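One-letter residues, chain by chain:
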Amino acid sequence: MTDRPSSDRRWPDAPVIYQIYPRSFRDTTGSGIGDLNGIVEKLHHAADLGADAVWLSPFYPSPWDDGGYDVADHMAVHPALGTMQDFDQLVARAHDLGLRVIIDQVFNHTSTDAPWFKRSVAGDPVYSDYYVWANPKPDGTQPNNWLSQFGPPAWTWNHIRQQYYFHNFTSKQPSLNLRNPDVQAELRTIMRFWRDRGVDGFRIDAVTSLLFDPSLKDNPVAAPEVRDKVSGENFVPYTYQDHVHDLLPGDGIDFVSNLREWAGEDAFIIGEVTSGNQSIELCSRLATDGGLDAAYATDLPESGATAQAYADILTRADAPGQIGWWLSSHDQPRHLGKAGDGSAHDAKFLALVLATAPGTVLLYQGEELGLTQPELPRAAVTDPLDLLYWPDGPGREGARVPIPWAEGGNRAFTTGTPWLPMTWPEGASVAVQHIDEGSVLRFYRAAFALRRDRMGDLTLSDWSRDGQIIRLTYPDARVVLNFGPEAASIDGTPDFASVPMDGEMPGRSAGIWLR
Ligand code: NOJ
């Protein structure tokens, strides 16, 4: 990893990053929507978990057509979430608690509400090339066969310019033309703006989508083995294509050196890889000196956290320390429904899968409470991807239901009506789990304290897979992860485990031996 000597807050080699989805964390105004002051109030929760940093999902002005990932102004705070002064306080409070702050940078696209897009549509010569405009084919149809990652065509007609604009995601998220030096200058300004406000790092949204082949060639049909690996459900037509032309062509990888230059040597930069076929290989190529610190793909969560997927990542990554290890996010259904049976036994096993991982770890708010995926009525759902395939979509909105801080009423999330219905089971709250020694929350705290204080150097010296069992060897610790339902024999008693064990580990359990 890049050495960052100039930082006051040096980054550990394999940081634990706690993701906060601002609208769903804590509301201090009674609006039913979480806000920045709510984050300030509850930041100690992330510190208590042993996180090194918090990552804030977008809190910028946005029409929320895609949950805030449709940014209308990259250098301001959404008025429903607070003010720039609140943001400054958040950074100050985080630093007081020893937490670094990472913010999302959505550079692939803006909202159609962004002034840049409006000027680009109007043909303002300064903004004319800020987005990816292309003429129709002579018969008026789209310039090529590219599809958006959510499935519908990636081109939308604009009658004023009489051209199509490209969008990797929804039609409300026009893709920026990142080859335009003026756009690059804007992005540099944005990164410097936030660094000057004390931000310590960035999560780069959809880093694999940033560039595309300017010749706009059609993507070929995906071979079955490629199709299986493309992110997303198999019924989404995006998986029918091999994305060789619309994602990171030749010079795309090098583009991240710009991000490094703009962010500064001492910033931690982690990228989200959305390409399925070569996901882990791309993570390795993006996370190199002069590029990103780490990158992460959907392979492990989408597999339902299997031993096979875990081993596959270790086999394919140049160095496991470049990979971001995670199971839940605002884009995935809560992992306990998919990768586990929803029990505390499974929640603790999967917590150790993360706490022993050989690289950056991403935790998503609420997983430390063992929350499972809630059912939502269609009328409550706003997520464009869930709605497109309702009720068979990925369940992104379920993962965004606000988290319970206490029992009763609206669980101390809000004094108003929460923006999504909160139907958490009794006893799920932070308040109850804090006083219950056997709770999932207390286990997460203990597991991540052990990672930080006692596991030592997390550079993997060796690893092996035997069926459902993964063994990891670190200089100061040995780990056994049993992903299967059957018990397995082990040598003696581990120093730390997901359940008590001696001579034998039950199915779905993990143990750590310290040197
Ligand atoms: C990845 C984000 O995590 C997701 O929520 C969003 O829909 C897409 N990028 C588009 O920004």
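Since the structure is predicted, the reported quantities are computational estimates derived from the model, not experimental observations. (Residues numbered from 1 in each chain as written. Predicted model: local features only at pLDDT ≥ 70, side-chain atom pairs only at ≥ 80, totals over all residues. Heavy atoms only, no water.)

A. Spatial organisation of the site of the ligand. Lining the immediate environment of the ligand, one finds 13 residues, of which Asp66, His109, Asp205, His330 and Asp331 sit closest. Take aspartate 205: an N or O atom from its side chain is 2.8 Å from an oxygen atom of the ligand. Here an oxygen atom of the ligand and a side-chain polar atom of histidine 330 are 2.8 Å apart. Contact with the protein chains hides 98% of the accessible area of the ligand, taken as 300 Å² for the molecule alone. (Near = heavy atom within 4 Å. Polar contact = N/O pair within 3.5 Å; in protein donor to acceptor, adjacent residues only side chain to side chain. Areas by Shrake-Rupley, 256 points an atom, 1.4 Å probe, with all protein chains shown as cover.)

B. Molecular detail of the packing of aromatic side chains. Within this structure, the stated rule accounts for 31 aromatic pairs. On the basis of an interplanar angle of 90° and a centroid distance of 4.9 Å, the ring pair of phenylalanine 193 and tryptophan 194 is categorised as edge-to-face. Ring-pair connections join several aromatic residues into one group, and the members of that group are Phe59, Tyr60, Phe87, Phe193 and Trp194. Of note, arginine 23 hangs over the ring of tryptophan 64, and the distance from its end group to the ring centre comes to 4.4 Å. (Phe/Tyr/Trp six-rings, centres within 6.5 Å; stacked < 30°, edge-to-face > 60°. Lys NZ or Arg CZ within 6 Å of the ring centre and 35° of its normal.)

C. Molecular detail of helix H1 (residues 36-48). Taking 1.5 Å of rise per residue, 13 residues should cover 18 Å, and H1 covers 19 Å from first to last C-alpha, within 8% of that figure. Within H1 the residues assigned to the buried category are Leu36, Gly38, Ile39, Val40, Lys42, Leu43, His45 and Ala46. Among the structural elements, strand E1 (16-20), strand E2 (53-56), helix H2 (84-96), helix H13 (430-435) and helix H14 (440-453) are those in contact with the buried residues of H1. Of the residues flanking the end of H1, it is glycine 50, one or two places downstream, whose phi is positive at about 90°. (Helix = DSSP H or I, 4+ residues; strand = E, 2+ residues; numbered from the N terminus. Expected span 1.5 Å × (residues − 1). Buried < 20%, exposed > 50% of the residue type's maximum accessible area, 1.4 Å probe, protein only. Contact = heavy atoms within 4.5 Å.)

D. Examining the sheet that holds strand E3 (residues 100-105) more closely. Read from one edge to the other, the open sheet built from eight strands follows the order E9-E8-E7-E3-E2-E1-E11-E10, with strand pairing classed as parallel. Two strands lie at the open edges of the sheet, namely strand E9 (294-296) and strand E10 (325-326), each paired on one side alone. The pairing of strand E7 (residues 201-204) with strand E8 (residues 268-272) spans four bridges and is parallel. Residue pairing in the sheet places isoleucine 204 in a bridge with glycine 271 of E8. (Pairing = 2+ DSSP bridges.)

E. Highlighting the pairing of E7. Of the two faces of E7, the one holding Gly201 and Arg203 and the one holding Phe202 and Ile204 are both buried throughout. As paired strands, E3 and E7 are joined by four bridges and run parallel to one another. Bridge pairing in E7 places isoleucine 103 opposite phenylalanine 202.

F. Focus on unusual backbone geometry. Note the cis peptide between tryptophan 390 and proline 391, where omega equals 0°. Within the secondary structure layout, proline 391 lies in the loop between helix H12 (384-388) and H13. Even without a glycine there, the phi angle at arginine 411 is positive, about 55°. For arginine 411, the location among the structural elements is in the loop between H12 and H13. The buried category is assigned to arginine 411, whose relative accessible area is 12%.

G. View of the environment of valine 221. Its place among the elements puts valine 221 in the loop between E7 and helix H5 (224-229). Taking the C-alpha atoms as reference points, valine 221 and aspartate 52, separated by 169 residues in sequence, lie 43 Å from one another.

H. View of the pattern of salt bridges. What the rule picks out here adds up to 21 salt bridges. Between aspartate 88 and arginine 197 there is a salt bridge, and its shortest N-O distance comes to 2.9 Å. With aspartate 88 in helix H2 and arginine 197 in the loop between helix H4 (181-196) and E7, the pair connects residues that are 109 residues apart, well separated along the chain. Under the relative-accessibility criterion, arginine 197 is labelled partly exposed at 28%. With its nearest N and O atoms 3.9 Å apart, the salt bridge here joins arginine 400 to glutamate 397. Among the residues examined, arginine 400 registers a relative accessible area of 1% and is labelled buried. Relative accessible area serves as the criterion here: at 1%, glutamate 397 is assigned to the buried category. (Salt bridge = Lys/Arg side-chain N within 4 Å of Asp/Glu carboxyl O.)

Geometric values such as these leave the question of function open.
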